[in-house]
Amino acid sequence: MKDSSYGAVIGGIFLVTIQHTELKEGIQKAIAKAKNLEKPVLVSEVQKVDQVEPLNVFTAGHQDYFGERFFWKGSSDEIFIIGIGICEHIQSDQVTDRFFHVEKQWKNVMEEAVVLNPYGLEGTGPTMFGGFSFDPLKEKTELWSKFSDSIFHIPRFMYSQYDGQSYMTTNIVCTQHDDESLLQKVLNERKQLLSCSSSLQDSANNIISQEEIAPQQWKNAVGQVVNAMKNGDMKKVVLARETRLSYEKPIRIESVLNKLIKNQKNSFIFAFESNGDCFIGASPERLVKKQGKQLFTTCLAGSIKRGLTPDEDEQLGNELLSDQKNLIEHQYVVDMIKRAMEQVSSNVELPNGPVLLKLRDIQHLYTPVTAEAGENSSLLSLIERLHPTPALGGVPREKAVETIRELEALDRGLYGSPLGWLDYKGNGDFAVALRSGLIQQNEASIFAGCGVVKDSDIDSEYQETNIKFRPMLTALGGNKQ
Ligand SMILES: C=C(O[C@@H]1C=C(C(=O)O)C=C[C@H]1O)C(=O)O
Ligand SMILES: [Mg+2]
């Protein structure tokens, strides 16, 4: 039986027309392969669908897939990828070679996958979304107990909107014990999703408390690092801190996403649910994107506030472009990324100096880097080579990571770390997960850090982190300093 064409108007959530499908044949083929190989086989079917509001798709999963969703918007609004439900987990708590272990699991699932994708566009077909913790050796707290050090999901249903086209991918893992009833089960799930009527009710949610966690301890750590730099070999260390908020009612993820989408332009907007918690944010910083052979990465470090008037904003921007402390802070990132990319790719190109990246609350020194991928430079191997850049770790890298591990009170978890998507053709895009927070029902932790160099002023760095809290405080209704 083919999945007949039908349109579904979902209470104003979204309208999707599903054409007839080859899913039945695909499932039969996958079950036969599973019997032959004696291991599960993924089948992935891609259909062109009507374009809808991406947030509506995410919202439609609220009822039946809460805790099993992801949302991704590219920093230039060029792509949206929404995952609903979890078809397969790819995760590891390995400390050493964790990127290799994730890549091995991913390749194992992909090597036998039955892919029905006549369109072949990036971000369609088998795709995994997720990320890595900043430092698997950092002493863990309860804060990130719902996330592994390496955690990715292959979604059951995935809506992709790319260059004005929209697609629905359906992923099913078939085992040798499955039969044709699996098809009907998935078609019913899909019909249920497309007919859901939940909508975004943006009701008020009062804040009960908002507390900076150990700000003085953070300032003392900054001072300690600055002193150590006066006569040591440490050149830069990024130190981050946490603010904790609690509310009368559970925080509505969709409402926070809605505000981030509206307010934080030029940023990757993401939400990643795991076991009831949600890591969410609006990051201006790409770690690395792979599109065919093309590679794109970003050097982002050096910050100043936005001005209240166009003249003041221009004056502040020019001040940043000529400030030695921020230029040195930025150059550490450029030097490291350029060197790393030259080791594994060709035609590495970057401008002679930084320009300004202006965001709603802050402006940064920004140097884009492009390159051509070498034969063995997979996206995950590039992530392993780059993470952490001096924008989130420091220089020298190992010593900076050890210093963060020792001095920083914050359990960073996935904050400041690679988060993004990878498809079955090896394309993908990973951000450095900044301007972010962890939502835990009626509580949330938000995170902000800054680069500490020998000329850092403790209070200036503290103020810089207050500015970096603003994107999440605006989205969460918190009080901004
Ligand atoms: C660490 C953060 O931001 C990073 C540090 C910056 C700086 O110190 O100037 C600027 C951009 C980011 O690379 C953060 O937002 O938490
Ligand atoms: Mg800075």
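Definitions and cut-offs
- Residues numbered from 1 in each chain as written.
- Chains lettered and ligands numbered in written order.
- Predicted model: local features only at pLDDT ≥ 70, side-chain atom pairs only at ≥ 80, totals over all residues.
- Heavy atoms only, no water.
- UniProt positions renumbered as here; feature names shortened; annotations may be inferred.
- 1 Å grid on protein atoms, 1.4 Å probe; cavity = no way out; pocket = protein on both sides within 12 Å on 5 of 7 lines; lining within 4 Å.
- Helix = DSSP H or I, 4+ residues; strand = E, 2+ residues; numbered from the N terminus.
- Contact = heavy atoms within 4.5 Å.
- Buried < 20%, exposed > 50% of the residue type's maximum accessible area, 1.4 Å probe, protein only.
- Near = heavy atom within 4 Å.
- Polar contact = N/O pair within 3.5 Å; in protein donor to acceptor, adjacent residues only side chain to side chain.
- Areas by Shrake-Rupley, 256 points an atom, 1.4 Å probe, with all protein chains shown as cover.
- Sits in = over half its atoms within 2 Å of the grid points.
- Nonpolar A, V, L, I, M, F, W, Y, C, P; charged D, E, K, R; others polar.

### Examining the UniProt feature "binding site: Mg(2+)" (unreviewed entry) in the chain
Reasoning step 1: Per the UniProt record, the feature "binding site: Mg(2+)" (unreviewed entry) sits at Glu329 and Glu464. Despite a sequence span of 136 residues, these residues sit close together in the fold, their greatest C-alpha distance being 13.8 Å. The subset of these annotated residues that lines the largest cavity comprises Glu329 and Glu464.
Reasoning step 2: Of note, Glu329 is situated in helix H9 (residues 324-344).
Reasoning step 3: Those residues in contact with Glu329, other than ones at most four positions away along the chain, are Lys236, Ala301, Gly302, Gly451, Val453 and Glu464.
Reasoning step 4: Within the secondary structure layout, Glu464 lies in helix H12 (residues 458-476).
Reasoning step 5: For Glu464, a relative accessible area of 9% corresponds to the buried category.
Reasoning step 6: Once residues within four sequence positions are removed from consideration, Glu464 is found in contact with Ser303, Lys325, Glu329 and Cys450.

### Let's talk about the site of ligand 1
Reasoning step 1: If you check the shell around ligand 1, you find 18 residues, and the closest are Glu285, Leu300, Ser303, Tyr415 and Arg435.
Reasoning step 2: Here an oxygen atom of ligand 1 and a backbone polar atom of Gly449 are 2.8 Å apart.
Reasoning step 3: Within the contact set of ligand 1, an oxygen atom lies 3.2 Å away from a side-chain nitrogen or oxygen of Lys468.
Reasoning step 4: Here ligand 1, which alone exposes 400 Å², has 100% of that area covered by the protein.
Reasoning step 5: Assessed atom by atom at 2 Å from the grid points, ligand 1 resides in the largest cavity.
Reasoning step 6: Listed by contribution, the elements that provide at least two residues to the shell around ligand 1 are strand E15 (294-305), strand E23 (443-452) and H12.
Reasoning step 7: Residue composition of the shell around ligand 1, grouped by class: eight nonpolar, five polar and five charged.

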